[in-house]
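# Residue-level structural notes
Chain residues, written in single-letter form:
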Amino acid sequence: MLKIRDFIKQELTFCIALIAALISCFFVHPDKEYIGYIDLRTLALLYCLMVVVAGLRRAGVFARLSHIMCRRARSARQLALLLVLMCFFSAMFVTNDVALLTFVPFAVAVLGMAHLEKDLIWVVVLQTVAANLGSMLLPVGNPQNLFLYSYFGIEMADFLKITAPIWIISLAAVLLLCLPVKKTEIDVFLGEQPILNKKCLTVYTWLFVCCLLVVFRLVEWPVLLAVIVVVCFLYDKKRLLSADFMLLATFVCFFVFSGNLARIESVDTLLRKILDGKVMLTGALTSQVISNVPAALLLSGFTEDAKSLLLGVNIGGLGTPIASLASLISLKLYAHAENAQTGAYLKVFSVVNFILLAVFLLIGSLLP
């Protein structure tokens, strides 16, 4: 029972998705149309990206980047700015989850060495905001972007027209939020510079390029999947099992759930009525309760307004810790830090996130 309870706590989103999918099966009995629910392209590309990013981490890319950037800091504000911007820009390419998994523990360690524990809550909150907002620019930045980009068949140029304005404003907001950190002089010794595994870096850089070719629709996803499997099997078998398979399973469950809802006429009519003219707001509010990835999967089948839904679920990553799974990651990482004040962290997190949520929803509504 304890193992089951721990599993439910750790994989709550998957458990909810599984229950929702199973319940929906009682209303729409399994048939051949179920196969059409599953977006294999999104699942394959997401899996490949997770494997490649794990490979880049093994190569030491993120540790090296952290070391190079932070040894240049001469003040507390500069250090905070670098720690936050690393999350903002790296999340565009390696997803917000990976950015936080990589740079939040580094921030905890570095701020501790610099005796800046008083700034830790503020910096980790800003890292979380930065990762969630920075990841919105490109399809590979987060799972909901990857899914919506594929589901609606959005062209890259059109995708950037939707996300770039909010992304640029987000960068300005993140920079402004770093200003409260004082310019206290610091001198931190980070030790020897981490060594890069050059062979590993070369292999996974080329595989990342292959992923981008699929994102740009220049190569078909079965080719990418085959290349990833063959190369990793010959060179680095462990990486094939490094993906978050529970996230992939969660996608499958929500595909089934949303596919079945769309086949229940009364539910389909109701959801379309709710979304009519309020897609961005509905996407953002739904994200507060079930997080933005499931919100994107659920609502995509009931609207053709790709732009508003894309903005809604990305902006909706702000707000509650549940709104983005990445936010839960940084919360857990902070909670394990020495002398962590989880209550204080949640207060700061809530104030910053809900203010930004309101501001960005307003800005999003004013965009053409």
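In this report, the structure presented in the accompanying data block is examined. (Residues numbered from 1 in each chain as written. Predicted model: local features only at pLDDT ≥ 70, side-chain atom pairs only at ≥ 80, totals over all residues. Heavy atoms only, no water.)

## Quick notes on the nonpolar core
To keep things clear, this is the line we draw: Buried Ala, Val, Leu, Ile, Met, Phe, Trp, Tyr and Cys residues form a nonpolar core when they are joined through side-chain atoms within 4.5 Å. Between buried and exposed lies partly exposed: a residue is buried under 20% and exposed over 50% of the maximum accessible area for its type, with that area taken using a 1.4 Å probe on protein chains only. A helix here means a DSSP run of H or I that spans at least four residues, while a strand means a run of E at least two residues long, and both kinds are numbered starting from the N terminus. In this description, contact between two residues means that some pair of their heavy atoms is separated by no more than 4.5 Å.
Judged by nonpolar contacts, the single largest core of 131 residues is most densely connected at L79, L83 and F251. With 13 residues, helix 5 (residues 76-94) is the single largest residue contributor to this core. In contact with L79, not counting residues within four places along its chain, are C70, A73, V110, L111, A114, L116 and I186.

## Here's the deal with helix 4 (residues 61-70)
Here is the rule: Regarding the arc, it is the one traced by the directions from the helix axis to the C-beta atoms.
Residues of helix 4 that are buried include every one of F62, S66, H67 and C70, and no others. Angularly, the buried residues of helix 4 cover 135 degrees about the axis, an arc narrow enough to put them on a single face. Contact partners of the buried residues in helix 4: helix 3 (40-58), helix 5 and helix 6 (96-113).

## Some words on the packing of aromatic side chains
What counts here: Working definition: a ring pair exists when centres of Phe, Tyr or Trp rings (six-membered ring for Trp) sit within 6.5 Å. Plane angles under 30 degrees give stacked, over 60 give edge-to-face, the rest tilted.
If you walk through the whole model with that rule in mind, you get 16 aromatic pairs. Between Y149 and F159 the ring centres are 5.7 Å apart and the planes differ by 85 degrees, which places this aromatic pair in the edge-to-face class. Taken together, the residues span a long stretch of sequence, with Y149 in helix 8 (residues 143-151) and F159 in helix 9 (residues 156-177) at a distance of 10 residues. A relative accessible area of 1% places Y149 in the buried class.

## Regarding unusual backbone geometry
Most peptide bonds adopt trans geometry, and most residues besides glycine take a negative phi value. Phi is positive for H115, which is not a glycine, with a value near 55 degrees. Note on placement: H115 falls in the loop between helix 6 and helix 7 (120-134). Of the residues examined, H115 reaches a relative accessible area of 65% and is grouped as exposed. Although it is not a glycine, R217 adopts a positive phi angle of roughly 60 degrees. Residue classification places R217 among the partly exposed positions, given a relative accessible area of 32%.

## Comments concerning the pattern of salt bridges
Which entries qualify depends on this criterion: Any Lys or Arg side-chain nitrogen found within 4 Å of a carboxyl oxygen on Asp or Glu counts as a salt bridge.
Throughout the structure, instances matching the rule amount to 7 salt bridges. Among the salt bridges present, the one from R263 reaches D31, with a minimum N-O distance of 2.6 Å. One end of the pair, R263, is in the loop between helix 12 (245-262) and helix 13 (265-275); the other, D31, is in the loop between helix 2 (12-27) and helix 3, and 232 residues separate them in sequence. In this structure D31 comes out as partly exposed when scored by relative accessible area, which is 31%. The salt bridge involving E33 is made with R263; its shortest N-O contact spans 3.6 Å. One end of the pair, E33, is in the loop between helix 2 and helix 3; the other, R263, is in the loop between helix 12 and helix 13, and 230 residues separate them in sequence. Judged by relative accessible area, R263 falls into the partly exposed class, the value being 32%. Within the structure, one salt-bridge network assembled from shared partners comprises D31, E33 and R263.

None of the figures reported here should be taken as evidence of function without further support.
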